[in-house]
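# Architecture at a glance
These are the residues of each chain, in order.
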Amino acid sequence: MTFNKKTIDELHELLVKKEISAVELTKATLEDIHTREEAVGSFITVADELAIAQAEKVDAAGIEGDKILSGIPLAVKDNISTKGILTTAASKMLYNYEPIFDATAVSNAYDSGMIVIGKTNMDEFAMGGSTETSYFKKTKNAWNQTKVPGGSSGGSATAVASGQVRLSLGSDTGGSIRQPAAFNGIVGLKPTYGTISRYGLFAFGSSLDQIGPFSQTVKENAHLLNVLASSDSKDATSAPIQIADYTSKIGQDIKGLKIALPKEYLGEGIEPAIKDNILAAAKQFENLGAIIEEVSLPHSKYGVAVYYIIASAEASSNLQRFDGIRYGFRAEDAKSLEEIYVHTRSQGFGDEVKRRIMLGSFALSSGYYDAYFKKAAQVRTLIIEDFKKVFANYDLILGPTTPTVAYDLGSQSQDPVAMYLADLLTIPVNLAGLPGISIPSGFVDGLPVGLQLIGPKYSEETIYQAAAAFEAVTDYHKQHPVIFGGDN
């Protein structure tokens with residue numbers, strides 16, 4: 001039996017009425033995972049025994065009516081710490097690492113009664129846009145297994161899109177939740193920086209990283225954010241502002257909502273069919289009563305260049321801790337302390353990770369700091385100011401999530417610059433610390449298109465309100481790939 005086409009609200013009602021148990025739901029989810037896993041390759045680790053043991057505890061405690069996610073399985077990206085479950089960041093460097101603590105986001109999920117079912121595949125240390133840099137496997141798009149799933153949270157996205165799980169966690173440093181959500185036709189939110197604690201998230205770009213939820217529907221996404229969001233003394237960047245209920249505006253109409261459409265988001269580099277799709281979606285928002293007007297974000301064109309200097313610089317610092325001394329992989333051929341460092345890092349990191357470490361180290365070096373890192377930080381401020389000017393007059397920004405639909409596996413893995421440019425529409429949101437969501441907005445050549453809604457800081461309720469209003473008058477979220485019993 002499978003329950004993977006039932007919404008979280010429907011599953012919760014079944015669990016509360018004891019028409020199914022958490023153990024039954026968990027076993028059915030594990031069956032869905034194993035049935036589909038060979039086709040899509042979403043998971044690095046499936047925690048069968050631990051998940052069933054968790055479900056037994058939930059059933060023994062009883063499922064409370066106000067704990068909507070109690071008994072619901074959750075897949076977790078493999079760069080988020082899970083006590084007692086292998087956590088590798090998809091790297092040879094951590095091929096045998098089993099944490100002794102849970103990330104705060106995972107602890108919050110446990111406290112709500114959720115069941116961690118396994119760890120999903122990703123680009124190594126979240127560095128990549130196609131989930132092809134993983135040391136363990138290549139994940140495939142749920143809609144077409146010859147296409148990339150996006151990255152770096154590709155496994156978390158395909159796990160939801162293929163019907164393996166209903167909910168999953170990813171992380172987003174430059175688009176790593178929203179891009180795979182778009183490529184796989186599901187909902188993915190990058191929250192305001194600091195909304196979800198980064199404690200236990202393997203740091204890539206510390207000023208950019210955010211954990212966030214994947215789901216089939218907008219409301220389910222908000223339910224999961226309700227559980228994940230919290231202030232945390234263990235995270236110095238944890239936000240002081242917390243929203244009581246992210247579902248509170250879902251169902252309200254959006255008449256009079258002012259939505260900006262940046263001309264730069266529909267210009268050079270955007271496939272014509274994607275542009276047409278987004279303009280049609282904008283028309284749909286107008287039909288719902290929203291006011292759509294064109295604006296400019298003039299410095300967004302520098303976002304990719306700024307990002308790859310700042311993120312790489314932060315990565316070069318953060319990844320110094322992986323040295324072969326305390327945990328993880330250690331080169332066997334090292335005969336001195338220096339060789340342990342050099343050989344371990346040379347053999348343990350993949351090409352993309354080493355490329356970014358070298359780029360970041362160069363940008364931070366004494367002779368080039370002012371020319372690169374300092375200049376990038378200054379342009380980042382200009383990008384932030386662009387957003388502030390728009391949000392002085394508008395509630396939200398609308399645009400495509402990605403410039404293209406999912407591309408062929410292997411087609412960009414040898415061309416890092418082409419892959420970097422695929423994030424041009426998502427990166428500015430991270431640089432500014434803003435919330436952004438990708439929701440399904442149709443199909444091009446049989447592949448999903450993602451629509452991105454961006455809001456000012458702490459505006460997730462309004463983002464969910466607008467996204468849910470669009471979802472309510474379209475059926476894209478109800479369409480599934482063949483692997484999930486759909487027609488596409």
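Note that the structure is a prediction, hence the values are computed from the model and not measured. (Residues numbered from 1 in each chain as written. Predicted model: local features only at pLDDT ≥ 70, side-chain atom pairs only at ≥ 80, totals over all residues. Heavy atoms only, no water.)

### Section: the sheet that holds strand β1 (residues 43-46)
Reading across the sheet, the 11 strands line up as β1-β3-β2-β4-β6-β5-β10-β11-β9-β7-β8 and stay open at both edges, with mixed pairing between neighbours. Unpaired on one side and paired on the other, β1 and β8 (291-295) mark the two borders of the sheet. On average, each strand axis in the sheet is tilted by 30° relative to the strand beside it, whichever way the strands run. Pairing geometry for strand β7 (residues 258-262) and strand β9 (residues 396-400), over 2 bridges, is parallel. By the bridge assignment for β9, Ala260 is matched with Ile397. Packing against the sheet, helix α3 (residues 48-61) makes contact with β1 and β3 (115-120), and its axis sits at approximately 160° to β3. (Pairing = 2+ DSSP bridges. Helix = DSSP H or I, 4+ residues; strand = E, 2+ residues; numbered from the N terminus. Axes fitted to C-alpha atoms, helices over the stretch in contact; angles between N-to-C directions. Contact = heavy atoms within 4.5 Å.)

### Focus: the side chain of Glu471
Structurally, Glu471 can be placed in helix α15 (residues 460-472). Lacking a salt bridge, the buried Glu471 has Arg166 as its closest oppositely charged neighbour, with an N-O distance of 8.3 Å. Here Val218 takes part through its backbone nitrogen, which lies 3.0 Å from a polar atom of the side chain of Glu471. Sequence-distant contacts of Glu471, defined by excluding residues within four places in its chain, comprise Val187, Gln216, Thr217, Val218 and His477. (Buried < 20%, exposed > 50% of the residue type's maximum accessible area, 1.4 Å probe, protein only. Lys, Arg positive; Asp, Glu negative; His and termini not counted. Salt bridge = Lys/Arg side-chain N within 4 Å of Asp/Glu carboxyl O. Polar contact = N/O pair within 3.5 Å; in protein donor to acceptor, adjacent residues only side chain to side chain.)

### Details of the pairing of strand β2 (residues 73-77)
Of all 5 residues making up β2, 5 are buried, and the element is well covered by its neighbours. Neither face of β2 is left uncovered, since the one carrying Pro73, Ala75 and Lys77 and the one carrying Leu74 and Val76 both have all their residues buried. Note: β2 against β3, 5 bridges, orientation parallel. Directly across from Leu74, in β3, lies its bridge partner Val116. The handedness of the β2 to β3 crossover, carried by helix α4 (residues 104-111), is right-handed. (Right-handed = clockwise from strand over helix to strand, strands pointing away.)

### Some words on helix α2 (residues 22-40)
For α2, with 19 residues, the first-to-last C-alpha span of 25 Å sits near the 27 Å given by 1.5 Å per residue. Of all bends in α2, the biggest is about 25°, found at His34. Listed as buried for α2 are Ala22, Val23, Leu25, Thr26, Ala28, Thr29, Leu30, Asp32, Ile33, Arg36, Glu37 and Val40. Check the buried side of α2 and you find it contacts α1 (8-16), β1, α3, β2 and β3. The positive-phi residue at the C-terminal boundary of α2 is Gly41, with phi of around 65°. (Expected span 1.5 Å × (residues − 1). Bend = angle between axes of the 7 residues up to and from the residue.)

### Comments concerning unusual backbone geometry
Cis geometry is adopted by the peptide bond preceding Ser152, which originates at Gly151 and carries an omega value of 5°. For Ser152, the position within the fold is in the loop between β3 and α5 (154-161). A positive phi angle, near 60°, is found at Ala90, a position not held by glycine. Note that Ala90 resides in the loop between β2 and α4. With relative accessibility at 0%, the residue Ala90 sits in the buried group. Positive phi, close to 65°, is recorded for Ala126, a residue that is not glycine. Mapped onto the elements of the fold, Ala126 is located in the loop between β3 and α5. Accessibility expressed as a relative area gives 6% for Ala126, which makes it buried.

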